[in-house]
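A structural walkthrough
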Amino acid sequence: MSDVIPPEVRPKPAVPAKPPNVGAPSPSSPFPPQGPGIGGGGGIGGASALPPSAIPVPIGSHVASHAVGHNVGHGVGHVGGLPAAHNGGHAGSHRSGGGSTLLGYIGIDTIIEQMRKKTMKAGFDFNIMVVGNSGLGKSTLVTTLFKSQVSRRSAGWARDEKIPKTVEIKAVSHVLEEGGVKMKLTVIDTPGFGDQINNDNCWEPIFKYINEQYEKFLKEEVNITRKKRIPDTRVHCCIYFITPTGHSLRPLDIEFMKRLSHSVNIIPVIAKSDTMTIEERLEFKQRVRKELEKSGIEFYPQKEFDEDMEDKSDNDKIREAMPFAVVGSDKEYQVNGKRVLGRKTAWGIVEVENPNHCEFALLRDFLIRSHLQDLKEVTHNIHYETYRAKRLNENGGLHPISSNDTQESNL
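So, here's what we can say about the structure. (Residues numbered from 1 in each chain as written. Predicted model: local features only at pLDDT ≥ 70, side-chain atom pairs only at ≥ 80, totals over all residues. Heavy atoms only, no water.)

What follows deals with helix 6 (residues 204-222). Here helix 6 contains 19 residues, and its C-alpha end-to-end distance of 27 Å stays within 8% of the 27 Å for a straight helix at 1.5 Å per residue. The set of residues buried in helix 6 consists of Ile206, Tyr209, Ile210, Asn211, Glu212, Gln213, Tyr214, Glu215, Phe217 and Leu218. (Helix = DSSP H or I, 4+ residues; strand = E, 2+ residues; numbered from the N terminus. Expected span 1.5 Å × (residues − 1). Buried < 20%, exposed > 50% of the residue type's maximum accessible area, 1.4 Å probe, protein only.)

Remark on secondary structure: sheet strands pair via backbone hydrogen bonds, oriented parallel or antiparallel. The strand order 2-3-1-4-5-6 describes an open sheet built from six strands, whose pairing is mixed. Edge strands, defined here as strands with exactly one partner in the open sheet, are strand 2 (170-178) and strand 6 (324-325). Note that strand 1 (residues 124-131) and strand 3 (residues 181-189) share seven bridges and pair parallel. Bridging across to strand 3, Asp125 finds its partner in Lys184. The strands that helix 5 (residues 138-146) touches are strand 1, strand 2, strand 3 and strand 4 (237-242); relative to strand 3, the one it contacts most, it runs at about 170°. Each of strand 1, strand 2 and strand 3 touches helix 6; the most contacted strand, strand 1, lies at about 170° to it. (Pairing = 2+ DSSP bridges. Contact = heavy atoms within 4.5 Å. Axes fitted to C-alpha atoms, helices over the stretch in contact; angles between N-to-C directions.)

Moving on, we get to the nonpolar core. Phe126 and Phe256 are the most contacted members of the largest nonpolar core, which has 72 residues in total. Contacts of Phe126, omitting those with residues within four sequence positions, involve Phe146, Met183, Lys184, Leu185, Thr186, His236, Cys237, Leu367, Leu372, Leu375 and Lys376. (Core = buried A, V, L, I, M, F, W, Y, C linked by side-chain atoms within 4.5 Å.)

Let us now look at a nonpolar patch on the surface. A cluster of nonpolar side chains, Leu102, Ile106 and Ile108, forms an exposed patch at the surface whose accessible area comes to about 340 Å². Here Ile106 lies in the loop between helix 3 (84-98) and helix 4 (111-122). Judged by relative accessible area, which is 59%, Ile106 ranks as exposed. (Patch = residues over 30% accessible without salt bridge, like charges linked within 9 Å, V, L, I, M, F, W, Y side chains within 5 Å. Areas by Shrake-Rupley, 256 points an atom, 1.4 Å probe, with all protein chains shown as cover. Salt bridge = Lys/Arg side-chain N within 4 Å of Asp/Glu carboxyl O.)

The next subject is the environment of Thr119. By secondary structure assignment, the location of Thr119 is in helix 4. Between the C-alpha atom of Thr119 and that of Val181, which follows or precedes it by 62 residues, the distance is 8.8 Å.

Going from Tyr300 to Pro301, the amide bond is cis rather than trans, its omega being 0°. Tracing the backbone through its elements, the reader meets Pro301 in the loop between helix 8 (278-294) and helix 9 (309-321). For the bond from Met322 to Pro323, the omega torsion is 0°, close enough to zero to count as cis. Looking at the element boundaries, Pro323 is found in the loop between helix 9 and strand 6.

Right, let's talk about the packing of aromatic side chains for a bit. For the structure shown, the criterion picks out eight aromatic pairs. Look at Phe193 and Tyr240: their rings are 6.1 Å apart centre to centre, the planes differ by 85°, and that puts the pair in the edge-to-face class. Linking Phe193 in the loop between strand 3 and helix 6 with Tyr240 in strand 4, this pair joins segments that are 47 residues apart in sequence. In terms of burial, Phe193 and Tyr240 fall into one category: buried. (Phe/Tyr/Trp six-rings, centres within 6.5 Å; stacked < 30°, edge-to-face > 60°.)

Here we come to the pattern of salt bridges. By the definition in use, this model includes 19 salt bridges. Glu113 is paired through a salt bridge with Arg116; the nearest N and O atoms lie 2.6 Å apart. In this pair, Glu113 and Arg116 are both assigned in helix 4, three residues apart and thus about one turn of the helix distant. For Glu113, a relative accessible area of 35% corresponds to the partly exposed category. We classify Arg116 as partly exposed; its relative accessible area is 41%. Notably, a salt bridge pairs Asp274 with Arg343, separated by 2.9 Å at the nearest N-O pair. A residue pair is termed long-range when its members are at least 10 positions apart, and Asp274 in the loop between strand 5 (266-270) and helix 8 and Arg343 in strand 8 (residues 338-345) qualify at 69 residues. Arg343 gets classed as partly exposed once you look at its relative accessible area, which sits at 31%.

What is shown is where atoms sit, not what they do.
Below you can see the structure in the form of structure tokens.
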């Protein structure tokens, strides 16, 4: 039996040197000072003598936080004999470093519902302009699109009224509500466009009207005390009606779309496409697309506005189908036991919403159900910003104006 060495003569373990940047623990520190018996030789189970808070760690360092969690996890696991603590150390380090794992429900996903409620209270504004010769069914098509009497006749127009000598601008607003969602729809009509013998510069009143709406919005923005919600009268979409000649575009069509394609979202449509056969319609559409491409006319949706591959795939299908060959009607007929919108002919009824008869359904889905918000965003972020930058560069900046200043810009 070996002799027992008394404690007073037992060799003391070496105490590691204290790091120069770690001072003595403060009286309020939650970690008590470590004795030499705990910190020597790696301590109990190889744990560090210093508490995790005393180890110098660069702020925001994922590697450092992983090392701290790893050491603490190992120390607790080895001391307590619980291997599960090792996994806890790793999980804690990844949560503190990456922050991608939630331990419970917070409610971040409710922001979508909050935005929906706020937007439904405020409502929507959508301003659509229709341009084309008289007799192409512009008002009828808009009425068919929104299934409501949203036409120029509600502003006092009569059927027997004479064609104006110059292009006039008529804006009529309607409030539509569906499923608790309110939308203020403004239809801007352009009577007299292309109806004269001499149509030189007949697009200028339309170009001037579009810029005036940008100017109104810009003046509201530069005011010192501007409104919480600026009234949006900017033209979000311009539907251009192409005459179904079956041959080619007119010089007026090309000139109009070329001049206004950089100021507004233009959507070309072939009006009253039921006047052509299916073969004539397909051939005419291909010819129109080639002429638009040859003339350098960009219609909505433009290729450079595609944000990702999904948008590009969807918009490519739309661009291949344009210009839409449409038929409009506000009359209902009984077909196979169903009430449908259509045009009655000697050989049958042309169903407006039947994709085998025309492409009205494609236009409606594209214009309202999938791209309405994008039309508004492109108007604000592209066309309006282009106008705004041009105005500020020309005038060296706009001075804030008072609410009493109602003078309009003569652009």
